[in-house]
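Summary of the model geometry
Here are the chains, one letter per residue:
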Amino acid sequence: MPTAADLDAAIRDVPDFPKPGILFKDITPVLGDAELFKASLELLAETAGGAKIDKVVGIDARGFIFAAGVAQILGAGFVPVRKKGKLPWTTREMAYTLEYGESIVEIHEDAVKPGEKILLVDDLLATGGTAAASIKLLKALDADIVAVSFLIELAGLEGRKALGHSDVNALLTY
Ligand code: AMP
């Protein structure tokens, strides 16, 4: 099976996207390679540490790609956390701060039952604002968040501190 180093070699750095000064980590070469994509899902699934997971929660939008596959491997359900206005049923919402301005994420209020064991997944941890808001939503639903896992962590932004969770994992750290 390919390793994290193989994933690292495939991830493409795109300078100044989507705006000047951002070095965008493009994961599409991983997705486009059957073996690398499968390995990324299996390595993320391992971060659950063998715990029985009820739901894998993915964050809009690239988080969905990984969370859905991890859910299949773990025999768990998949739940989307979406940007405001996309979910059709009754939602809980949480606002968070971006570099410029504010954004809101939502979850269906019946998507997770109290006490269910959750693995939260996204592609990349930057400042941690998006994941922290997702954690707050899950806590508001009384979920038991077992672990929070990312393909990539940009360690210099110290997003991990914003999450306030003891089990934060990244397959690759830059
Ligand atoms: P944050 O809330 O700051 O942790 O931002 C995390 C979200 O923004 C993730 O869902 C990423 O998809 C995206 N993101 C932030 N910075 C980058 C980057 N340098 N390259 C790729 N995606 C990024």
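Scroll up to find the structure this text is about.
Because the structure is predicted, anything quoted here is derived from the model rather than measured.

**Some points on the site of the ligand**
Close to the ligand lie 13 residues, the nearest being Arg-62, Asp-122, Thr-127, Gly-128 and Thr-130. The contact in question runs from an oxygen atom of the ligand to an N or O atom on the side chain of Asp-122, over 2.9 Å. Between Ala-126 and the ligand, the recorded distance is 2.9 Å, taken from a backbone N or O atom to an oxygen atom. If the ligand stood free it would expose 490 Å²; the protein chains cover 82% of that surface. Listing elements by their share of the shell around the ligand, those giving two or more residues are strand E2 (23–26), strand E7 (117–125) and helix H5 (129–140). Counted by class, the shell around the ligand contains five nonpolar, four polar and four charged residues.

**Points about the environment of Arg-160**
Mapping Arg-160 onto the fold places it in helix H6 (residues 159–163). According to the relative accessible area criterion, Arg-160 is partly exposed, its value standing at 35%. For the pair Arg-160 and Ala-133, spaced 27 residues apart in sequence, the C-alpha to C-alpha distance is 13 Å.

**Side note on the pairing of strand E3 (residues 55–59)**
Along E3, five of the five residues are buried, which leaves the element largely enclosed by surrounding structure. Burial along E3 is two-sided: Lys-55, Val-57 and Ile-59 facing one way and Val-56 and Gly-58 facing the other are all buried. Of the crossover connections in this fold, the one passing from E3 over helix H4 (residues 62–74) to the parallel strand E4 (residues 77–83) is right-handed.

**Section: unusual backbone geometry**
Here Phe-17 and Pro-18 are connected by a cis peptide whose omega angle stands at 0°. Across the junction of Asp-60 and Ala-61, the peptide omega takes the value -5°, indicating a cis bond. Following the sequence through the fold, Ala-61 ends up in the loop between E3 and H4. Positive phi values are uncommon outside glycine, yet Asp-142 reaches one of about 60°. Secondary-structure assignment places Asp-142 in the loop between H5 and strand E8 (144–153). The phi angle at Glu-158 is positive, at roughly 55°, despite the residue not being glycine.

**Observations regarding the nonpolar core**
Counting 27 residues, the largest nonpolar core has Leu-7, Val-56 and Leu-119 as its most contacted members. Put simply, the parts of the chain that give this core at least two residues each are helix H1 (4–10), helix H3 (34–46), H4, E7, E8 and strand E9 (168–173). Per-element accounting of this core gives the leading share, five residues, to H3. One finds Tyr-96, Ala-111, Val-112 and Ala-143 within the second-largest nonpolar core, a separate group that totals 25 residues.

**As for the packing of aromatic side chains**
Remark: the centre distance and the inter-plane angle together describe each pair of aromatic rings, the angle taken between the planes. On inspection of all chains with the given rule, the structure shows three aromatic pairs. Aromatic pair Phe-17 and Phe-24: ring centres 5.2 Å apart, planes at 85°, arrangement edge-to-face. The exposure class assigned to Phe-17 is partly exposed, which follows from its relative accessible area of 44%. Between Phe-64 and Phe-78 the ring centres are 5.9 Å apart and the planes differ by 85°, which places this aromatic pair in the edge-to-face class. Placement of Phe-64 in helix H4 and of Phe-78 in strand E4 is noted, with a sequence separation of 14 residues between them. Judged by its relative accessible area of 34%, Phe-78 falls in the partly exposed class.

**Considering the sheet that holds E8**
With mixed pairing, the seven strands of this open sheet are ordered in space as E5-E6-E4-E3-E7-E8-E9. Taken across any chain shown, the strands that pair with only one partner, and hence form the sheet edges, are strand E5 (91–97) and E9. Strand-to-strand twist of the sheet, defined as the mean angle between neighbouring strand axes without regard to direction, takes the value 20°. Summarising the sheet, E8 and E9 pair through five bridges and their orientation is parallel.

About the thresholds
- Residues numbered from 1 in each chain as written.
- Predicted model: local features only at pLDDT ≥ 70, side-chain atom pairs only at ≥ 80, totals over all residues.
- Heavy atoms only, no water.
- Near = heavy atom within 4 Å.
- Polar contact = N/O pair within 3.5 Å; in protein donor to acceptor, adjacent residues only side chain to side chain.
- Areas by Shrake-Rupley, 256 points an atom, 1.4 Å probe, with all protein chains shown as cover.
- Helix = DSSP H or I, 4+ residues; strand = E, 2+ residues; numbered from the N terminus.
- Nonpolar A, V, L, I, M, F, W, Y, C, P; charged D, E, K, R; others polar.
- Buried < 20%, exposed > 50% of the residue type's maximum accessible area, 1.4 Å probe, protein only.
- Right-handed = clockwise from strand over helix to strand, strands pointing away.
- Core = buried A, V, L, I, M, F, W, Y, C linked by side-chain atoms within 4.5 Å.
- Phe/Tyr/Trp six-rings, centres within 6.5 Å; stacked < 30°, edge-to-face > 60°.
- Pairing = 2+ DSSP bridges.
- Axes fitted to C-alpha atoms, helices over the stretch in contact; angles between N-to-C directions.

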